[in-house]
Amino acid sequence: MATINIKKAFTMPIDEVRQGIEKMAASLKKEQGMNYDWVSEDRVEFSHKTGKGSLAIEGDELVMQLKIGMLYAAVAPIVKQKIQTYADKHIY
């Protein structure tokens, strides 16, 4: 299993960060078929046949953890880059 960890500091208002998280989650659902649920005001959990993970606001950082199954571990760097690019575009 491959693990992707991303931390991104932000300075934008927290409500806008939450909106960015929702956009990211909706995009992952639409493009990748990944399911998601808000489990608290500041945390979303993802699940997909390829793996599972979470996206959470922790203080002034956005923290993403994603575990990808062994069959898909080879694409982990591509997934990480795509998520990082999206976060850089929508969370600041």
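The structure presented is a predicted model; accordingly, all values stated were derived computationally and were not measured. Within any chain, residue numbers begin from 1 and follow the written order of that chain's sequence. Local features in this predicted model are restricted to residues of pLDDT 70 or higher, and side-chain atom pairs are both shown and tallied only at a pLDDT of 80 or more, whereas totals for entire chains, interfaces and linings draw on every residue. Note that the side-chain values use all heavy atoms of the structure and ignore hydrogens as well as water.

Quick word on the sheet that holds strand β1 (residues 2–9)
Inference 1: For two strands to pair, DSSP has to find at least two bridges joining them. Each helix corresponds to a stretch of at least 4 residues labelled H or I by DSSP, and each strand to a stretch of at least 2 residues labelled E; elements are numbered beginning at the N terminus. Read from one edge of the open sheet, five strands run β1-β5-β4-β3-β2, paired in antiparallel fashion. Of all the strands in the sheet, just β1 and β2 (35–40) have a single pairing partner and so form its edges. If you compare each strand with its neighbour and ignore which way they point, the axes differ by 15 degrees on average.
Inference 2: With eight bridges joining them, strand β4 (residues 51–58) and strand β5 (residues 61–68) adopt antiparallel strand pairing. Bridge pairing links Ile57 to Leu62 in β5.
Inference 3: Throughout, a residue-residue contact means that at least one pair of heavy atoms, one from each residue, lies within 4.5 Å. Note on definitions: angles span 0 to 180 degrees between N-to-C directions of axes, and those axes are lines fitted to C-alpha atoms, for helices only across the stretch in contact. Relative to the sheet, helix α1 (residues 14–32) contacts β2, β3 (43–48), β4 and β5, its axis offset from that of β2 by approximately 155 degrees.
Inference 4: With respect to the sheet, helix α2 (residues 76–90) is in contact with β1 and β5, its orientation differing from that of β1 by roughly 15 degrees.

What about the side chain of Arg18?
Inference 1: With respect to the secondary-structure elements, Arg18 resides in helix α1.
Inference 2: For Arg18, a relative accessible area of 17% translates into the label buried.
Inference 3: Two N or O atoms count as a polar contact when they lie within 3.5 Å, although within protein this holds only if one can serve as hydrogen donor and the other as acceptor, and sequence-adjacent residues are included solely when both atoms are side-chain atoms. A polar contact is formed between the side chain of Arg18 and the side chain of Asp15, at a distance of 3.0 Å.
Inference 4: Once residues within four sequence positions are removed from consideration, Arg18 is found in contact with Trp38, Glu41, Asp42 and Ile57. Relative accessibility under 20% of the residue-type maximum defines a buried residue, over 50% an exposed one, and the middle range a partly exposed one, all with a 1.4 Å probe and only protein chains included.

Points about the pattern of salt bridges
Inference 1: What counts as a salt bridge is simple: a side-chain nitrogen of Lys or Arg found within 4 Å of a carboxyl oxygen of Asp or Glu. Per the counting criterion, the structure on display carries six salt bridges.
Inference 2: Residue Lys8 is joined to Asp88 by a salt bridge in which the shortest nitrogen-to-oxygen separation is 3.2 Å. Here the residue Lys8 occupies a position in strand β1, and Asp88 occupies one in helix α2, the gap between them amounting to 80 residues.
Inference 3: On the basis of relative accessible area, Lys8 is assigned to the buried category, the value being 16%.
Inference 4: According to the relative accessible area criterion, Asp88 is partly exposed, its value standing at 43%.
Inference 5: Here Arg18 ties to Glu41 by a salt bridge, and the two come within 3.4 Å at their closest N and O atoms. With Arg18 in helix α1 and Glu41 in the loop between β2 and β3, the pair connects residues that are 23 residues apart, well separated along the chain.
Inference 6: Three or more residues joined by partner-sharing salt bridges are found here, namely Asp15, Arg18, Glu41 and Asp42.

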